[in-house]
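# Coordinate inspection notes
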Amino acid sequence: IGPKFRGLKMIPPGLHFIFYSAVSKQGTVAPRTGFFHSFREKEILVKRYDTQQETIVDSDTQYQPEHIDKMLAPYPYQHYQRWCSLTTHITPTTVTRVQPQCTLIQAATPLLTNPHAAQDVARATSVEDKLDANFIQD
């Protein structure tokens, strides 16, 4: 993918899984992140990469197809029949039910900051110490 690449064009209507991997300046590739989207005919979906959150987010930029056409790659139709055979039985209700609340599906589980983690570790350690002390005394 070149520096002018901005996405895909001629995406057939229906359910699609859009994914990406961030790449550092050193060439390190991050795990894939993606989302399901059910495209309507001639729909334009615009996302942008947020460097602060290190993920793609909705964009309020409005693009006219004739202005960005040369920066869009054609949809890879050689995979279309296979994809349709896999997705024809998936309803929007099923996608909503199985995807995470944030709608982003990540190949690697993100680490979450838990403000109570230190307390939980301290509590678990004190319980283990008491169990060890009781075992040694018996």
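Summarised in this report is the structure supplied together with it. These numbers were taken from a predicted model, which means no experiment stands behind them. (Residues numbered from 1 in each chain as written. Predicted model: local features only at pLDDT ≥ 70, side-chain atom pairs only at ≥ 80, totals over all residues. Heavy atoms only, no water.)

### Some details on the environment of Arg 40
Structurally, Arg 40 can be placed in the loop between strand 3 (33-39) and strand 4 (47-50). Taking the relative accessible area as the measure of exposure, Arg 40 reaches 58% and is therefore exposed. Once the C-alpha coordinates of Arg 40 and Gly 14 are considered, the two residues, 26 residues apart in sequence, prove to be 6.7 Å apart. (Helix = DSSP H or I, 4+ residues; strand = E, 2+ residues; numbered from the N terminus. Buried < 20%, exposed > 50% of the residue type's maximum accessible area, 1.4 Å probe, protein only.)

### A short note on the side chain of Thr 55
With respect to the secondary-structure elements, Thr 55 resides in strand 5 (residues 55-58). A distance of 2.9 Å separates the side chain of Thr 55 from the side chain of Tyr 20, its partner in a polar contact. Each residue touching Thr 55, except ones within four places of it in the same chain, is listed here: Tyr 20, Arg 48, Tyr 49, Asp 50 and Leu 104. (Polar contact = N/O pair within 3.5 Å; in protein donor to acceptor, adjacent residues only side chain to side chain. Contact = heavy atoms within 4.5 Å.)

### Here's the deal with the sheet that holds strand 7 (residues 105-106)
In spatial order, the strands read 2-3-7; together these three strands make up an open sheet with antiparallel pairing. Where the open sheet ends on each side, the last strands, each with one partner, are strand 2 (14-20) and strand 7. Where strand 2 lies against strand 3, seven bridges are found, and the strand directions are antiparallel. Residue Gly 14 lies in a different strand from strand 3, and its bridge partner there is Phe 39. (Pairing = 2+ DSSP bridges.)

### Considerations on the packing of aromatic side chains
Across all of its chains, the model carries six aromatic pairs by this definition. Centroid distance Tyr 75 to Tyr 80: 6.1 Å. Interplanar angle 85 degrees. Geometry classified as edge-to-face. Note on Tyr 75: relative accessible area 11%, which makes it buried. Aromatic ring contacts, followed pair by pair, group Phe 17, Phe 19 and Phe 36 into a single cluster. (Phe/Tyr/Trp six-rings, centres within 6.5 Å; stacked < 30°, edge-to-face > 60°.)

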